[in-house]
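Close look at the chain arrangement
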Amino acid sequence: MTPKVSIVIPAYNNVQYIGETLDSVLNQSYDDYEVVIADHSSVDGTKDVIDSYSGHPKLRILSPTPVGGGAQANWNRVSSEARGTYVKLVCGDDIIAPTALAEQVTAFEAHPTAVLVASQRDLVDSSGGVFIKSRGLQGISGLVSGAKAVRATVVAGSNIFGEPACVMFRRDLLEKEGGWDNTHPYLIDEATYARICFHGDVVAIRRSLAKFRISASQWSVRLAKQQSDQAIAFHNEVARTHPGVLSQIDLMVGNLKAVAMSYARRLAYMRLRKRMGHEHAVESTV
């Protein structure tokens, strides 16, 4: 039978954490779901850990995704194999709460116009220690229009929806939009959410249902500049393709905040570098 939810995991050099990630997705209070995972030709033993879970009735392990294509290649690979009504992508070093699926499916069922449900998340270090609790969803709460949610993320100058582990959305709309949007690679998740949001309403659950590990790959000034440039390009694209959603002031504020947030993020990572441990894999180099 077709499951209600597909959790899809695009793993890449996550040997330290992939077991914890799989444990979190395979121990949900909600039962009507599948888990699809593919390793992106990792070189650190990630595949061996994944294979140790083979035989679990909810887990479908795909053959390794060939080298190349960056994050989008593996994200689209696992998502295209999903069979559920709803999709939730969880990266190979993040964690979801035991009630994550139950709470997000309940939100969809309570709000038939919803196309995406997002929760807050905790930011954790390499050992799982929380250093920021309940982050995300600035400016929205409960049921809001998709256009309002997109405006809020632009004005914030950063991805208020959070990383994929925070989000669940309708699979048919991801397919309709052609898969994950890699026009602005650092915003592959936020840009894709925005496309989906414009199809209906969003439910913002203002409590943490996921944990995101901080990444040591975002320290450089060069990367901060690339992130802010791509965020500004994304904001301008929203303004151009959806006239009326953003005012000129919204656009100006969002673009200024995008620059400020990129450098603030870099400074925060530098201060926390001792807590980062193993550096996250950078999928764009695959």
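This text goes with the structure placed above it.
This section reports on the structure supplied with the text. (Residues numbered from 1 in each chain as written. Predicted model: local features only at pLDDT ≥ 70, side-chain atom pairs only at ≥ 80, totals over all residues. Heavy atoms only, no water.)

**A word on the packing of aromatic side chains**
- Under the defined criterion, the tally for this structure stands at five aromatic pairs.
- With a centroid separation of 4.0 Å and 15° between ring planes, the pair formed by Tyr 86 and Phe 108 is classed as stacked. Of this pair, Tyr 86 sits in strand β4 (residues 86-89) while Phe 108 sits in helix α4 (residues 100-110), placing them 22 residues apart in sequence.
- Residue Tyr 86 is classed as buried on the basis of its relative accessible area of 11%.
- Both rings, one in Phe 169 and one in Trp 180, keep their centres 5.7 Å apart while their planes meet at 80°; by these two values the pair is edge-to-face. Residue Phe 169 is located in strand β9 (residues 167-170), and its partner Trp 180 is located in the loop between α6 (171-176) and α7 (188-197); the two are separated by 11 residues in the primary sequence.
- Taken together, Trp 75, Phe 161, Phe 169, Trp 180 and Tyr 193 form an aromatic cluster joined through their ring pairs. (Phe/Tyr/Trp six-rings, centres within 6.5 Å; stacked < 30°, edge-to-face > 60°. Helix = DSSP H or I, 4+ residues; strand = E, 2+ residues; numbered from the N terminus. Buried < 20%, exposed > 50% of the residue type's maximum accessible area, 1.4 Å probe, protein only.)

**Some thoughts on the pattern of salt bridges**
- What the rule picks out here adds up to 16 salt bridges.
- Ionic pairing is found between Asp 181 and Arg 195, a salt bridge with its closest N-O pair at 2.7 Å. One end of the pair, Asp 181, is in the loop between α6 and α7; the other, Arg 195, is in helix α7, with 14 residues separating them in the sequence.
- Take Asp 181: its relative accessible area is 7%, and that puts it in the buried class.
- Arg 195 sits in the partly exposed class, given a relative accessible area of 31%.
- Put simply, Glu 34, Arg 60, Glu 81 and Arg 83 are held in one network by salt bridges that share partners. (Salt bridge = Lys/Arg side-chain N within 4 Å of Asp/Glu carboxyl O.)

**Some details on the pairing of strand β2 (residues 33-39)**
- Among the seven residues of β2, seven are classified as buried, and the element is accordingly described as predominantly covered.
- Side-chain alternation along β2 places Tyr 33, Val 35, Ile 37 and Asp 39 on one buried face and Glu 34, Val 36 and Ala 38 on a second face that is also buried.
- One ladder, built from seven bridges, connects strand β1 (residues 5-11) with β2; its direction is parallel. For Val 8, the partnering residue across the bridge sits in β2 and is Val 36.
- Both β2 and strand β3 (residues 59-61) contribute to a ladder of three bridges, which runs parallel. Of the residues in β3, the one forming a bridge with Val 36 is Arg 60. (Pairing = 2+ DSSP bridges.)

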